[in-house]
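This is what each chain is made of:
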Amino acid sequence: MIDKSKSSLSEVLSQIKDGATILIGGFGTAGQPAELIDGLIELGVKGLTIVSNNAGNGDYGLAKLLKAGSVKKVICSFPRQSDSYVFDELYRAGKVELEVVPQGNLACRIQAAGMGLGAVFSPTGFGTLLAEGKETREIDGKDYVLEYPIKADFALIKAYKGDRWGNLVYRKSARNFGPIMAMAADVTIAQVSEVVELGGLDPEHIITPGIFVQHVVQVAPAQ
């Protein structure tokens, strides 16, 4: 019997070791798997490379992970915003590395990993600092930059509901990067508000099929 549902965050997260590369879902705090991140902090792992759209908000979630000193490098689109002071201080102090990737390229590179593509050509960034040292090519009269897939050891994502097979549905904008990140990691861990019985999810509403998910953990949302 296939049963990917787990009751213990620590049990599921314990497989993550120092130096791992982790995709973390979320657009700001929307869809960010805060409880999984808290569990990762408690685990005490170090030297992580984190791939996410942002570099943390306030002292919550991803910012909290940065503040704990767990992160070596951040790959993201928006490292600075009004409340990204944790990342800003660490970066200025030389305590964390940064790779900036335009948001569309970030999504394409993660998708490429999930789809098994070797690389993709994107027009975004051509002629800028972001294209330095990268292969470029003219295709049909337009200039492109070669971008390589972003794959990871783990993906930590947040969904609305899941079943024991790992099928997931999302709630509104919390969906964002979750589906493509689930495809691009060796191990995907999804936190959900509810694990339902098989058949409890409308097949037409399932966004991430269970083949891309290894663990589903039901967590109570933070108060």
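Residues numbered from 1 in each chain as written. Predicted model: local features only at pLDDT ≥ 70, side-chain atom pairs only at ≥ 80, totals over all residues. Heavy atoms only, no water.

Student: What exactly am I supposed to notice about the sheet that holds strand β2 (residues 21-24) here?
Tutor: The strands making up a sheet are joined through hydrogen bonds of the backbone, oriented either antiparallel or parallel. An order of β1-β14-β12-β9-β2-β3-β4-β5 is seen for the 8 strands of this open sheet, with the pairing classed as parallel. The sheet is open, and its two edges are formed by β1 (5-6) and β5 (97-100), each paired on a single side. Pairing of strand β3 (residues 48-51) with strand β4 (residues 71-76), which is carried by 4 bridges, proceeds in the parallel orientation. Paired with L48 across the bridge in β4 is V71. Strand contacts of helix α2 (residues 34-43): β2, β3, β9 (152-158) and β12 (185-192), with the helix running at about 115° to β12, the strand carrying the most contacts. (Pairing = 2+ DSSP bridges. Helix = DSSP H or I, 4+ residues; strand = E, 2+ residues; numbered from the N terminus. Contact = heavy atoms within 4.5 Å. Axes fitted to C-alpha atoms, helices over the stretch in contact; angles between N-to-C directions.)

Student: Honestly, the state of the cysteines in this entry has me stumped. Any pointers?
Tutor: What we call a disulfide is simply a covalent bond connecting the sulfur atoms of a pair of cysteines. Per the counting criterion, the structure on display carries 0 disulfides. Sulfur of C76: no disulfide; nearest cysteine sulfur belongs to C108 and is 17 Å away. For C76, a relative accessible area of 0% corresponds to the buried category. (Disulfide = S-S within 2.5 Å. Buried < 20%, exposed > 50% of the residue type's maximum accessible area, 1.4 Å probe, protein only.)

Student: What exactly am I supposed to notice about the environment of V100 here?
Tutor: Checked against the element boundaries, V100 lands in strand β5. Of the residues examined, V100 reaches a relative accessible area of 36% and is grouped as partly exposed. Along the primary structure V100 and A63 are separated by 37 residues, whereas in three dimensions their C-alpha atoms are 17 Å apart. For V100, the contacting residues outside a window of four places in its chain are C76, S77, P79 and L130.

Student: What is the right way to read the pattern of salt bridges from this model?
Tutor: Oppositely charged side chains are able to pair whenever their charged atoms sit close together. Across all of its chains, the model carries 10 salt bridges by this definition. Two residues, R109 and E147, come together in a salt bridge whose shortest N-O distance is 3.7 Å. With R109 in helix α5 (residues 103-115) and E147 in strand β8 (residues 142-147), this pair connects stretches of sequence that are 38 residues apart. R109 sits in the buried class, given a relative accessible area of 10%. It is possible to trace a salt-bridge network through shared partners that takes in K73, E99, R109, K134 and E147. (Salt bridge = Lys/Arg side-chain N within 4 Å of Asp/Glu carboxyl O.)

Student: Just to check I follow, could you spell out the sheet that holds strand β6 (residues 120-122) for this structure?
Tutor: Taken in spatial order, the 3 strands line up as β6-β8-β7 in an open sheet, and their pairing is antiparallel. One side of each edge strand has no neighbouring strand; the edge strands of this open sheet are β6 and β7 (136-139). Neighbour to neighbour, the strand axes of the sheet diverge by 40° on average, direction disregarded. Note: β6 against β8, 3 bridges, orientation antiparallel.

Student: Can you help me understand helix α4 (residues 85-92) in this one?
Tutor: Given 3.6 residues per turn, any residue in an α-helix points the same way as the ones three and four places further on. Restricting attention to buried positions, one finds in α4 the residues V86, F87, D88 and L90. Where α4 is buried, its residues meet α3 (62-67), β4 and β5. Looking one or two residues past α4, G94 carries a phi angle of roughly 75°, positive in sign.

Student: What is the right way to read unusual backbone geometry from this model?
Tutor: In most cases, non-glycine residues show a negative phi, while peptide bonds are predominantly trans. With a phi close to 50°, D140 is a non-glycine residue in the positive phi region. Examined against the element boundaries, D140 turns out to sit in the loop between β7 and β8. Here D140 falls in the exposed class, since its relative accessible area comes to 81%. Even without being a glycine, K172 presents a positive backbone phi close to 50°. Assignment of secondary structure puts K172 in the loop between β11 (168-169) and α6 (178-183).

Student: What is the right way to look at the pairing of strand β14 (residues 215-218) in this model?
Tutor: Every other side chain in a regular strand lies on the same face of the sheet, so the side chains alternate between the two faces. Note: β1 against β14, 2 bridges, orientation parallel. Across the sheet, the residue bridging to K6 is V217, located in β14.

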